[in-house]
Amino acid sequence: MSTMTRRKFIKATSAGATVAPLIFSRAWGRMSPNETIHHAVIGTGGQGGGHVRKFQNIRGCEVVAVCDVDRKNREKAAKDAAANVKMYTDFRRLLENKAIDTVSIATPDHWHTPIALAALMAGKHVYVEKPCSHNIYEASLLKKAATQYKKCVQHGTQRRSKGDHIEGMRLLREGAIGDVYVHKAINHQLRGKIGKAKPEAPPEGVDYDLWLGPAPEVPFTRNRWHYEWHWFWDYGGGDVVNDGIHQIDVSVWAMGDRYPNRVVATGGMFYYDDDHETPDTLMAVFDYDDGQIIFEQRLYTDYKLEGHDNGNISYGTDGRMEFGRDGVIVYPNESDSYQVKSPEPVEGIVENFLTAVRANDPSLLNSPIEKGVVSSDLCNLANIGYRTGVADLRFDPDKVEITNNAEANALVRRSYRKGYELPYEG
Ligand SMILES: NC(=O)c1ccc[n+]([C@@H]2O[C@H](COP(=O)([O-])OP(=O)(O)OC[C@H]3O[C@@H](n4cnc5c(N)ncnc54)[C@H](O)[C@@H]3O)[C@@H](O)[C@H]2O)c1
């Protein structure tokens, strides 16, 4: 029997859930197939603008509200939504709108969990972009709140909704490449330098205080702003939580959505000599009793690593399986290969979210939050290893603690600016 088939897979459970104290939304039970789902997008920049178009184009769903602290992005997004769309600057006001059933969150990462928690408490189902949280402690709260409030929380790791990936995982578990001991996650691409930006006044029409939210108050710069915030620890976590998380998610999926025994991570700022705080080079090994996930990130190249810029390779005793831009390919040996195809059409990640919402059944989600949390946590652990130089991190997911190093454990949580504390503490 292959190693994969022996593994136990985590099952979503709502056992132990308590009833939500307040339910404002009408999305509290199974909806009729003809009922329209009223959706809101919070954070309408690059990705959130895409959310508006995507949700709006799905039959049975209408984008009724958009929210952004930047008037320009808010108004641009509103043009793609229904004619009667409501615009909000402050998500807290949006969440008071009882007509909204579902929200998607595509803000910078430091806002993901605080908004998701508030949305769950307001009775909404949530689609939260990856990474689900800015830090490990937040992720644990989000998982807890999803269970407590009995809502669907989909994590924006879309590869789990690709038919060839689903079929590839099935084949992997059936032993198509024998016993599998190593899963490689590759993030190998050129991401340019950002220079050094000077402090300036925030652009007109921007609520910068609300953009900063829980993060410390610092002067506005063009680099601590749209998209480039990814490279600052206060808001993002660098490319491992930006693009790398998609590949780590595929490897974690292959490992059965489990936590490793230890994390060994190291990296460097070899190429960037600018405002970047997050590294251009990062390597992490996630050690399990029965195998390893190896993550490799290099952001100074425009050539591929073992055929991939963003991709995965699982190495078995009887061949290897690759998940990448060319689909899923099995190589039983060096001269043979075959492409994996889905035996049936599979819903995309957004359609899948809406199906689960309609049935009011989180077990239908392809990227349920409890799995997203594992992938997000592994990325955050890799960053903690890099930042502290601790080469052997032991994380206890039940205690939500790094148990063998106090300095590393301090990065499991962040502090919250006054007025922007978390709305839920479990
Ligand atoms: N799943 C994917 O493949 C994928 C792809 C791209 C981006 N993403 C994720 O989407 C998120 C957004 O990324 P982006 O590239 O669009 O960033 P972005 O900076 O372009 O957009 C973020 C938007 O959020 C707004 N915002 C900030 N704070 C807000 C708040 N409190 N309330 C409302 N709006 C707020 C900003 O003004 C901005 O318009 C990130 O978390 C990123 O990881 C996912």
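This text goes with the structure placed above it.
All figures in this text were calculated on a predicted structure; none of them were measured in a lab.

(A) Geometry of the overall build of the protein. The helix and strand tally for the protein stands at 13 helices and 16 strands. Along the first, second and third principal axes, the C-alpha atoms of the protein reach 60 × 55 × 40 Å. The proportion of buried residues among the 426 residues of the protein is 58%. Counted over contacts in the protein with a minimum sequence separation of 6, partners at least 24 positions apart contribute 70%. Carbon and sulfur atoms make up 49% of the accessible area of the protein, which totals about 17,700 Å². Here the protein contributes 52 positive and 57 negative side-chain charges, whose respective centroids are spaced 4 Å apart.

(B) Representation of the packing of aromatic side chains within the structure. If you walk through the whole model with that rule in mind, you get 16 aromatic pairs. For the pair Y271 and Y272, a centre-to-centre distance of 5.3 Å together with 45° between the ring planes defines the contact as tilted. A connected cluster of aromatic rings, assembled from ring pairs, spans Y208, W211, F220, W225, F232 and Y235. One residue, K193, lies across the ring of Y271, its end atom 4.6 Å from the ring centre. The side chain of R387 reaches across the aromatic face of W233, ending 4.2 Å from its centre.

(C) Quick look at the pattern of salt bridges. This structure, assessed with the given rule, holds 29 salt bridges. Residues D273 and K193 are paired through a salt bridge, measuring 3.9 Å at the closest nitrogen-oxygen approach. Separated by 80 residues along the polypeptide, D273 in the loop between β8 (262–268) and β9 (281–288) and K193 in the loop between β7 (180–188) and α8 (208–212) bring together distant segments of the chain. For E334, the salt bridge identified is with R320, shortest N-O distance 3.0 Å. Taken as a pair, E334 in the loop between β13 (327–331) and β14 (338–340) and R320 in strand β12 (residues 319–324) lie far apart in primary sequence, 14 residues in all.

(D) Here's a closer look at the sheet that holds strand β3 (residues 86–88). Spatial strand order, β3-β2-β1-β4-β5-β6: 6 strands in an open sheet with parallel pairing. Taken across any chain shown, the strands that pair with only one partner, and hence form the sheet edges, are β3 and β6 (153–155). Taking each pair of neighbouring strands and ignoring which way they run, the sheet shows an average axis angle of 20°.

How each quantity is defined
Every chain is numbered independently, its residues counted from 1 as its sequence is written. Given that this is a predicted model, residues contribute local features only at a pLDDT of at least 70 and side-chain atom pairs are listed and counted only at 80 or more, while totals for whole chains, interfaces and linings are drawn from all residues. Heavy atoms from the whole structure form the basis of all side-chain values; hydrogens and water molecules are not counted. Each helix is a run of DSSP H or I of at least 4 residues and each strand a run of E of at least 2, with the numbering of both proceeding from the N terminus. For each residue, the accessible area found with a 1.4 Å probe, counting protein chains only, is set against the maximum for its type, and the residue is called buried under 20%, exposed over 50%, and partly exposed in between. Every residue pair with non-hydrogen atoms within 4.5 Å of one another is taken to be in contact. What sets the accessible areas is the Shrake-Rupley method with a 1.4 Å probe; for residues, cover comes only from the shown protein chains. By the counting rule applied here, Lys and Arg register as positive and Asp and Glu as negative, while His and the ends of each chain are not counted. To locate a charge, the coordinates of NZ of Lys, CZ of Arg, CG of Asp or CD of Glu are taken. Classification of ring pairs uses Phe, Tyr and Trp, with its six-membered ring standing for Trp, and accepts pairs whose centres are within 6.5 Å; under 30 degrees between planes counts as stacked, over 60 as edge-to-face, and the remaining range as tilted. Note on criteria: charge over ring means Lys NZ or Arg CZ within 6 Å of the ring centre, with the direction from the centre no more than 35 degrees off the ring normal. Salt bridge, as applied in this entry: a Lys or Arg side-chain nitrogen positioned within 4 Å of an Asp or Glu carboxyl oxygen. DSSP calls a pair of strands paired once it identifies at least 2 bridges connecting them. Structural elements are reduced to axes, namely lines fitted to C-alpha atoms, with helices fitted over the stretch in contact, and the angle between N-to-C directions of any two is expressed from 0 to 180 degrees.

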